[in-house]
Amino acid sequence: GKIGGKFYVNELKTGGYYRPAEIQTAGQELLLRRQEAIQAVCDDLTPIERIATQLKSDGTYKIHACENANDGLTFLGALTVAKWHLSCGTFDWGG
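All values derive from a computational prediction rather than experimental measurement.

**Re helix α1 (residues 20-33)**
- Over its 14 residues, α1 extends 20 Å from the first C-alpha to the last, a length consistent with the 20 Å expected when each residue adds 1.5 Å.
- Three or more residues of α1 are buried, namely A21, E22, T25, A26, G27, E29 and R33.

Here is the structure:
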């Protein structure tokens, strides 16, 4: 969404906050930038802030900034490994 002239990717988290949310928001940003609707108002150089909002059980929240510039590369690396496991039949769905 857009707040105060800035674009944001916001991931809502209930319970605890875990650092992999930072990688998740990077993947969402990569996907968002490929959507035609956003390309009309946001080019490849337009900054998109990534945040994770932790919703706490007491009704409060905490916003975590996701600022690591390497998160997108980490997401793509993890996606590549997951695809490799799927193609080899070695992916464990945990069930």
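Anyway, onward from the coordinates.
**Quick word on the layout of surface pockets**
- Counted as a void, the largest pocket has a volume near 190 Å³.
- A26, E29, R50, N68 and A69 are, among the 15 residues lining the largest pocket, the residues nearest its centre.
- Going through the elements one at a time, α1, β3 (48-55) and α3 (71-88) are the ones with two or more residues in the lining of the largest pocket.
- Here the lining of the largest pocket is built from residues that sort into seven nonpolar, two polar and six charged.

**Digging into the sheet that holds β3**
- Pairing is mixed across the open sheet formed by four strands, whose spatial order is β1-β2-β3-β4. The sheet is open, and its two borders are formed by β1 (2-3) and β4 (61-65), each paired with just one other strand.
- Relative to β3, strand β2 (residues 6-14) runs parallel, the two sharing eight bridges. Its bridge partner lying in β3, F7 is registered against I48.

How each quantity is defined
- The numbering scheme is per chain: residues are counted from 1 as the chain's sequence reads.
- Local features in a predicted model are, by the rule used here, given only for residues with pLDDT of at least 70; side-chain atom pairs are given and counted only at 80 or more, and totals for whole chains, interfaces and linings are based on all residues.
- Note: side-chain values were computed over all heavy atoms of the structure, leaving out hydrogens and water.
- The secondary structure listing takes helices from DSSP runs of H or I that are at least 4 residues long and strands from runs of E that are at least 2 residues long, numbered from the N terminus.
- What a helix is expected to span follows from its residue count: subtract one and scale by 1.5 Å.
- Only protein chains enter the accessibility calculation, which uses a 1.4 Å probe; a residue is then buried when its area is under 20% of its type maximum, exposed when over 50%, and partly exposed in between.
- For cavity detection a 1 Å grid was placed over the protein atoms alone, and a set of points counts as a cavity when a 1.4 Å probe fits there but cannot get out; an open set counts as a pocket when protein lies on both sides within 12 Å along at least five of seven lines, with lining residues being those that have an atom within 4 Å of a point.
- Grid points are joined across faces, edges and corners, and a volume is the space filled by probe spheres set on the points.
- Think of it as three bins: nonpolar holds Ala, Val, Leu, Ile, Met, Phe, Trp, Tyr, Cys and Pro, charged holds Asp, Glu, Lys and Arg, and polar takes everything else, Gly as well.
- Criterion used throughout: strands pair if DSSP finds at least two bridges between them.

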